[in-house]
Each structure stands twice: as structure tokens, then as C-alpha cells.
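Close look at the chain arrangement
Residues per chain, in single letters:
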Amino acid sequence: MFKKSCRVFGLVLLCILLASQPCLLRGQSRTDVITATENPKGWIITSHSSTYQLVVTDEGQVMPVYYGPAQHGIPQKPIGDNPGIPAEIPVRGGFANKTPVIEAIFYDNNRDIDLQFERAEISTLNGYPLLSIVQADRHYQFEVTSFIRVIPSLDLLEKWIEVRNLGNKSIRLENLQSGSISLPADVYELNYVSGYWGHEYQPQATLLTTGTKTIQVKDFKSYGIPAFILSRENNLGDVTGNAWFGTLHYSGNWRFDFDKDPEGSIQVAGGINFWDTWWNLKTGDTFSTPILTFGFTTAGREGVARTLSKYEKENVMKKANKDRLRPVLYNSWYATEFAVNEKDQLALAKIAKSLGVEMFVIDDGWFEGRVNDKGGLGDWTVDLKKFPNGLNPLIKKINDLGLDFGLWIEPEMVNPNSNLFRKHPDWVFNFPNRTANEVRNQLMLNLAREDVYDFLYQSLHTLLKDHNIKYLKWDMNRPLSEPGWPDAPLEMQREVRIRYVANLYKLIDTLRKEFPEVWFENCSSGGGRVDLGMLSRTDVFWASDNTDPIDRIFIQYSYLGYLPANTMISWTTHEDAHNTHPSLEYKFDVAMSGVLGVGYDITKWSDSQKSLAAKKIAEYKELRPLINNGIVHRLVSPYTSEKSALEFVSTDSGKAAVFFYNLGEVMHGSTPGSRNSTKVQLRDLDAQKRYKSSLDGVLYTGEYLMKVGVAWPLHGSYTSKIATFDRID
Ligand code: DGJ
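All of these numbers come straight from a predicted model, not from anything done at the bench. (Residues numbered from 1 in each chain as written. Predicted model: local features only at pLDDT ≥ 70, side-chain atom pairs only at ≥ 80, totals over all residues. Heavy atoms only, no water.)

1. Description of the overall build of the chain
The test is simple: A run of H or I in DSSP becomes a helix once it reaches four residues, and a run of E becomes a strand once it reaches two; helices and strands are each numbered from the N terminus. With the radius of gyration taken over C-alpha atoms, the globule rule is written as 2.2 Å times the number of residues to the power 0.38. Burial classification: accessible surface area is computed with a 1.4 Å probe over protein chains only, and a residue below 20% of its type maximum counts as buried, one above 50% as exposed, and the rest as partly exposed. Residues are treated as being in contact if the distance between any of their heavy atoms lies within 4.5 Å. For accessible areas, the Shrake-Rupley method is used with a probe of radius 1.4 Å. Any residue's cover is judged against the shown protein chains and nothing else. For the purpose of charge, His is not counted, nor are the chain termini; Lys and Arg are scored as positive and Asp and Glu as negative. A charged residue contributes its charge at one atom only: NZ of Lys, CZ of Arg, CG of Asp or CD of Glu.
Within the chain one finds 14 helices and 40 strands. Its C-alpha atoms give the chain a radius of gyration of 27 Å, within 12% of the compact-globule value 27 Å for 729 residues. Seen through its C-alpha atoms, the chain measures out along the principal axes to roughly 80 × 70 × 45 Å. Counting the 729 residues in the chain, one finds 61% classified as buried. Long-range pairs, those at least 24 residues apart, make up 68% of the contacts in the chain with a sequence separation of at least 6. Here the chain displays about 27300 Å² of accessible surface, and carbon together with sulfur accounts for 51% of that area. Here the chain carries 79 positive and 86 negative side-chain charges, and the mean point of each set is 1 Å from the other.

2. A closer look at the site of the ligand
The following threshold applies: Whether a residue is near a molecule or strand is decided by its heavy atoms; if any one of them lies within 4 Å of it, the residue is near. Contacts described as polar in this section are N or O atom pairs within 3.5 Å, which, within protein, must combine one atom able to donate a hydrogen with one able to accept it, while residues neighboring in sequence count only if both atoms come from side chains. For this classification, Asp, Glu, Lys and Arg are treated as charged, while Ala, Val, Leu, Ile, Met, Phe, Trp, Tyr, Cys and Pro are nonpolar and the rest, including Gly, are polar.
Neighbouring the ligand are 13 residues, the closest being Asp363, Asp364, Lys473, Asp475 and Asp545. The contact in question runs from an oxygen atom of the ligand to an N or O atom on the side chain of Lys473, over 2.8 Å. Compared with its free state, where it exposes 300 Å², the ligand has 95% of that area covered by protein. Each residue belonging to the shell around the ligand can be placed in one class, and the counts come to four nonpolar, three polar and six charged.

3. Section: the packing of aromatic side chains
Quick reminder of the rule: Centres within 6.5 Å are what make two rings of Phe, Tyr or Trp a pair, Trp counting through its six-membered ring; a difference in plane orientation under 30 degrees is then read as stacked, over 60 as edge-to-face, and the rest as tilted.
Under the defined criterion, the tally for this structure stands at 37 aromatic pairs. On the numbers, 5.1 Å between centres and 80 degrees between planes, the contact of Tyr52 with Tyr67 is edge-to-face. In this pair, Tyr52 is assigned in strand S4 (residues 50–56) and Tyr67 in strand S5 (residues 62–69), connecting sequence segments 15 residues apart. Each member of the pair, Tyr52 together with Tyr67, is buried. Where Trp333 meets Phe338, the ring centres are 5.2 Å apart and the plane angle is 90 degrees; that geometry is what we call edge-to-face. Among the residues examined, Phe338 registers a relative accessible area of 12% and is labelled buried. Among the aromatic residues, those joined into a cluster by ring pairs are Phe228, Trp254, Phe256, Phe258 and Phe294.

4. Here's the deal with the sheet that holds strand S33 (residues 631–636)
The condition is simple: The criterion for strand pairing is that DSSP finds at least two bridges linking the strands in question. Structural elements are reduced to axes, namely lines fitted to C-alpha atoms, with helices fitted over the stretch in contact, and the angle between N-to-C directions of any two is expressed from 0 to 180 degrees.
Taken in spatial order, the six strands line up as S33-S34-S35-S40-S37-S38 in an open sheet, and their pairing is antiparallel. Sheet topology places S33 and strand S38 (699–701) at the edges, where each strand pairs with a single neighbour. Ignoring which end each strand starts from, the neighbouring axes of this sheet average 25 degrees apart. On top of the sheet, helix H13 (residues 607–629) reaches S33, strand S34 (643–649), strand S35 (655–662) and strand S40 (720–727); it is set at about 115 degrees to S35, its chief contact.

5. Focus: the nonpolar core
Put simply, the rule reads: Remark: nonpolar core denotes a set of buried residues (Ala, Val, Leu, Ile, Met, Phe, Trp, Tyr, Cys) joined through side-chain atoms within 4.5 Å.
Judged by nonpolar contacts, the single largest core of 187 residues is most densely connected at Trp43, Ile102 and Trp366. With nine residues, the top contributor of residues to this core is helix H9 (residues 496–514). Membership of the second largest hydrophobic core comes to 18 residues, among which are Leu635, Val649, Ala656 and Tyr700.

6. Notes on the side chain of Glu482
Heads up, the rule is: Any carboxyl oxygen of Asp or Glu that lies within 4 Å of a side-chain nitrogen of Lys or Arg is treated as forming a salt bridge with it.
Following the sequence through the fold, Glu482 ends up in the loop between strand S28 (471–474) and helix H8 (490–493). No salt bridge is formed by the buried Glu482. Its closest oppositely charged neighbour is Arg478, at 4.7 Å. In terms of polar contacts, Glu482 uses its side chain to reach the side chain of Asn437, at 2.6 Å.

7. So, the pattern of salt bridges
Within this structure, the stated rule accounts for 43 salt bridges. Among the salt bridges present, the one from Arg370 reaches Asp364, with a minimum N-O distance of 2.8 Å. Across the pair, Asp364 and Arg370 agree in class, each one buried. Of the charged contacts, one joins Arg690 and Asp729 as a salt bridge, the two residues approaching to 3.1 Å between their closest N and O atoms. With a gap of 39 residues between them, Arg690 in strand S37 (residues 690–693) and Asp729 in the segment after S40 connect regions that are remote in the sequence. Classification of Arg690 by relative accessible area gives partly exposed; the value is 36%.

8. Section: the packing of helix H7 (residues 450–466) against H9
How we decide: Angle categories are assigned with fixed cut-offs, so that under 35 degrees is roughly parallel, over 145 is roughly antiparallel, 65 to 115 is roughly perpendicular, and the rest are oblique. Helix crossings fall into two classes, left-handed where the near helix is turned counterclockwise from the far one by less than a right angle and right-handed where it is turned clockwise.
Here H7 crosses H9 at 25 degrees, and the two axes come no closer than 10 Å. Relative to H9, the element H7 is oriented roughly parallel. Where H7 crosses over H9, the handedness of that crossing is right-handed. Each of Glu450, Tyr453, Leu456, Tyr457, Leu460, His461 and Leu464 in H7 lies in contact with H9, whose residues at this interface are Asn503, Lys506, Leu507, Thr510, Leu511 and Glu514. Taken together, the residues of the contact of H7 with H9 sort by class into seven nonpolar, three polar and three charged.

9. Focus: the environment of Leu563
Position of Leu563 relative to the elements: it lies in the loop between helix H11 (549–559) and strand S31 (568–572). Leu563 sits 33 residues away from Val530 along the chain, and the two C-alpha atoms are 9.4 Å apart. Beyond its immediate chain neighbours, meaning those up to four positions away, Leu563 contacts Ile225, Ser309, Glu312, Val530, Leu532, Leu535 and Phe541.

10. Examining the packing of helix H4 (residues 342–355) against helix H5 (residues 392–400)
Between two packed helices, the angle of one axis relative to the other and the distance separating the axes together describe the packing. As a packed pair, H4 and H5 sit with axes 10 Å apart at the nearest point and diverge in direction by 15 degrees. Regarding the angle of H4 to H5, the classification is roughly parallel. Pair H4 / H5 crosses with right-handed handedness. Here Glu342, Gln345, Leu346 and Ala349 of H4 come into contact with H5, specifically with Pro393, Leu394, Lys397 and Ile398. When its residues are assigned to classes, the contact of H4 with H5 shows five nonpolar, one polar and two charged.

11. A look at H9
The line we're drawing: Expected span, for any helix, means 1.5 Å times one less than how many residues it has.
Relative to the 27 Å expected for 19 residues at 1.5 Å per residue, H9 spans 27 Å between its end C-alpha atoms, a close match to the ideal helical length. Of the residues making up H9, those classed as buried are Val496, Arg497, Ile498, Tyr500, Val501, Asn503, Leu504, Tyr505, Leu507, Ile508, Leu511 and Arg512.

12. A short note on the pairing of S40
Here S35 pairs with S40 via seven bridges, running antiparallel. The residue bridging Phe659 from the neighbouring strand is Ile722, located in S40. Pairing of S37 with S40, which is carried by three bridges, proceeds in the antiparallel orientation. Bridged to Lys692 within S40 is Asp726.

13. Some remarks on the pairing of strand S14 (residues 199–207)
Note that strand S13 (residues 188–196) and S14 share seven bridges and pair antiparallel. Among the inter-strand pairings, Asn191 is bridged to a residue of S14, identified as Ala205. In sequence, S13 turns back onto S14 through a hairpin of two residues, with Gly198 there showing a positive phi of about 80 degrees.

14. Digging into helix H12 (residues 584–591)
Across the eight residues that make up H12, a large majority, seven, are buried. Burial in H12 covers these residues: Leu584, Tyr586, Lys587, Phe588, Asp589, Val590 and Ala591. If you follow the buried residues of H12, they end up packed against H11, S31, strand S32 (595–598), H13, S35 and S40.

Next comes the structure, spelled out in C-alpha cells:
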């Protein structure tokens, strides 16, 4: 019965579309990108290479009808020829043939939402075209505005939803996602990255079959990135193939659902994970979701990577810092761990300075009660046993050396052995009659509480105000468990995770506003909280606690598929997880493909190690504008080969640097990867101009380098080389 009526609806829609013409709706404006149409009533969004079309049916439903390669004129058919596609804002209500983005309970316990189109507006937001569509429930005073902001040159649609309670009784939101898209019916492969501690961003690929595939976080720890790529089966190449992709601007708990219906169409929904969560929307209140960015490219995996990284730099990262060259830093964690004192830190700083380091960071261990990881977290005052005169005399000496100074903090956690916990045991997450699990001897502060927020704000404000700190490494080392909040009113208790993230964001935002000159690093036991919510607030991400260079080649390659290189901090350290004894030069070459740091105990270095490090840091500084602000092309994947290569090209194509890495060497032809061509083709050069290669000093045309390529320049396991290509014409 239901299917039949849907088919009829689909045919009607198809006829309407075939006869339709774009024209303006009364009271609406038009941008080049968003056009209002009257027959059918709706909108066509046309960006560089994609088209998105929405219609309003005679029954007042807002329906997406097309999303994919650019169509000229009116797209001819509804999505996937499949009449059962979900609405633009699918809700829990009516037929259940979709993944709802809104689920609510009204004051009389009615759980069924029925939305109807009210009005729409085309405007601009921060210079980009914006379509706002207002729908309202047919009976209850519940208004839903869905936004689509278009970034045409990048083929991106930013979607988010605002719901408003215009009635005089609370509405309980049981689910509110950021948005949904539907793709033409076909067989799709889903690609995304996930992992675990020390093994972040491992690529995952699966065919979507009938049913729902969910990727989600339930304990605030991701070790992946809230992002996905969808492509037709076997159609996604490195630089070719259509891909639909998306990423969510949210930390904490998030989810994506990929719902394939039996007739083949795919709906993707994503947003905050409402598992064990609700939100009570009081009279007059509005709830806004985080942004979910959807994109389309015709240029394969690298098209996704380039689009995302450009988008993140231009539209997500802090304007003041997005292009600022990142300082080369030294972090003393591996050298001294918790045993920090003025004398040792100064000795390290002096050597660091002689190597060319610009920022000296003291990691864990500097605050009261922190002799090991069993105590001290929560007491954010300097340990006077370790620094009898406080940190300022040391900071001054470090500054006098010509180095900036940075510090580690982990504000969201507390050790039971701390003054803070003794004074406020009720400030941690806990459920009555349950043990609060400790991880690394830590409990988690309930940052949803305003008193916890105030305490953290005061502590961190004072720390930054009283010291010349230029870099803050913000760590978060445990997953969420037992998220109980017994002394909150019952209706607030399940809001706790959303309130926590909101206060976390507010805390960072407030501090950054007050101390704009401080760099912020985002760390979460490695890359446990890497997402666009944090990217809009912090400048660099600690991608993994795994600093073995071989593992890092994999981790970094994956990371660069979703995020810009100037956000990826990487240190050279003593770590040699696989007993491969990689050389110091190899370690530098790996760490130099992002934001370079040094984590060794450099007091133990020989003169030759120091001079090699100084040489590599100087080389890094030379290439830094290219690495930090150029365009990254992942040329050879370590996941499919025994080697890897990354290319960084300046935005004017005038200079390129290629990082070549050999992994374990195998006999030529003995593995699929080694049967590939031994040539590597560069990308993004000026075809007609000549480039001088540092590999052999020879001049090559850009065309030659891109079509024929350079011979793989390495022999032997765990060898590396950085080559430059300078345009000379
Ligand atoms: C975990 C981080 O990932 C490390 O880099 C270091 O900061 C330790 N925490 C310190 O406790």
C-alpha cells in the first residue's frame, strides 16, 4: 500500500520535473548559485561540478530530488528513480521508511512529527549563498529551519538545522541530527577512517548493502575522524571518480547512518549522537545543530582530500592562525616525563635552541602533586617543590634564549588524589550505587556543571595571565564512562553530554579570545578527538601517541586525506616499535611532512646527532611555507605499496617538494605494490614551464614530470629522500 502510493508520487514528480522551468518565487531573491523554481516549486543549487535540487510537493513536503554531477537546466529525474526517498528533513512520523533526523515527543506524548513547508529565503552568510527553509508541524507549535550554505567553488553544502519551540510547553527532543542527503540508487562503497590508541585513522572500506551501517562514538573518544566518502563500486581512483563525502563539525559523541533501502537508494544522516541523550526544548527556546558539510567531487580520493583541506583552512580554522607558520617545537615529555625541574628543563632548552627549535614546551608534571600519573590532575598551580620560584624565572630564561614557552594541561580530568577532588568529589561523573571507573587513575570532571566550568575558566585564565605562555597543549586522556549527574534535575541528566561539549567549546573559545597570541594544540591520548569542532578552536592536532616513523607514515598518510598538513604535529623520538632501527634522518623526514617537533632526550645526543638535527630543522624551515601552506598531493600510498610519497606544491605551482619513503624492501615484482611502475608522476605543476629537480639537477618540463614522472630515487629498506622541483622559467 505504502510503496504503491510512493510510486504514484514519483511519477507525478517526474512529469512535473520534465515540464518545469526555473523562475523566481515571489518574495525570493536569486544568487548565481541558488535558483528558486516555480514549476515545480523548489530550488536548484548549482556549484562548480554538482547540482542539488529540492522541490516542495503539492502536499507541502520538502523533498530532495537530485544530488550529483552538475546538470544543466532542470535535472530530469528524482533521486535514483526511487520514489521512496526520504524528505529533506526526515522525521519520526508518518511512514518509517527513512532514518529520521528529528525525533520528538510533544507535551501530550504524541511522538509523531508532521512537517509542512512554511517559507524560504535565499540570502548570504559570510559571503556565501544561503538557503533557509522553514517548516512547521501541522499541529504543534514546533518550527524547523533547515539551512544550506553553499561554497560553490569547492562543491560543498553546509547543512544544519534549528528547531524552535513556539508553544507554551516543553518539547523533548530524542534525536536531532544536522542533516541528511540522498544519493541516486546504485551500489556504493563507503570509505572512512577509524582506529584505536596508537593506530589512528586506519582506512575502512565496505560495500553498502540493504540496511543501515552506522559509524559512531559513544564515549567521547574517536581515534578516527567524523567523515566519510561514498563512491560507486570500484569507481573511486586516486584522482578520478565521482565521490560524495561529508564531515561533521562536532566533538564528543557523533554518528553517521548510511541507510540503503531495498530499492537501492542511499540516505546519509549525521550529527550529534543522541544515544542515551535527550534535549528538553523549553518554551521559546531554539536548538541549533552543529554543521554537517557534504561535498561532491569528480576527482577521486585526492579531490576529496584537497577540497576538505582547502575548506578547512579557508572556512573552519581560526583566521588569524590558519596561514601562520607553525613554530618548530621541542617537547620535554619523553626526556623527563614527570621529573621536571628548572635546571633540567633549561639544559634541554639550551640544546633545543642550538638546534633551531623555536618553541619549548613542558609537558605533564609541572603542577602541584604531579609526581606520577596517580595524582595532581585538577590542581592547576605550579608545584613549588619542583619550581621553588614558580615557572616565571624559567620562562624568562627560556625567552632570553630566544625561545617561546609552552605548557601541557589536561583540564577535563581529575585524579582522586588531588585537592580538587578532595574538596569537590561531586564534580566528577558518577551514578549512585555504581563505581566510577578510573582510566589512567583519572576520573572525568562533569564539565556540563557551571561550577566546574567556572573553576576551569578561573584556573586557566590565571595560568595564562600570570605566565608568558605562547603554546598550550590541551590533553584529554580517558573515555567517558558512567556519565551520571545525580544532583541535576531529572530532565537535565540526559542532556549532560551535549552540555559538556558546549561548555568545553565555550571554555576554549573564551580563553582564545582573551589570549589570542597563544597557539592551542589538541591532544586526546593521541588522536582521540580529531574533528572540525576542535579544528575551529585549536591550531594543531597531536595525531597519535605512536611516534614510530614507520607507523607514522601510515597514520599521517591517512590524516592528510582529511585534514591540512599545518595541523598535523609530529615529533622525532627514540621510538622504534618494529625494531627496524630507522635512522635519525628518516625520522626527521617523516616528522617534517607536517608541523615539526622534537621529542628526544637531546641531552643524550652526540655532536653528530645534534648537527644532523640542526641541518634537518634548517631544511624544514626552508620548506616550511610549502609544507604548511602549500597543497598536499598523496602520490604513493603505503597501504598499497612498500613505499610512500607525498608532494607539497605552492599555490602558484612555482615550487614542489616530494617526500619519498621506502618501507621494508621486497624483491621487485614479488608483491602487488612492487609490480607498479617505478616512476612517480608529480601533480599540479605548470605543464609549459621547466622545473629544476634537486634529484639530478636536470631541467624537466612540468608536463614531463606530470606525465612521465621521476624514477623512484631510493634503494634499501627504511630510506627516505626529500626532493625539490623549482620552476625556473
Ligand atoms: C598523553 C599524550 O598523548 C602525551 O603526548 C603526553 O602529553 C602524556 N599524555 C602526558 O601525560
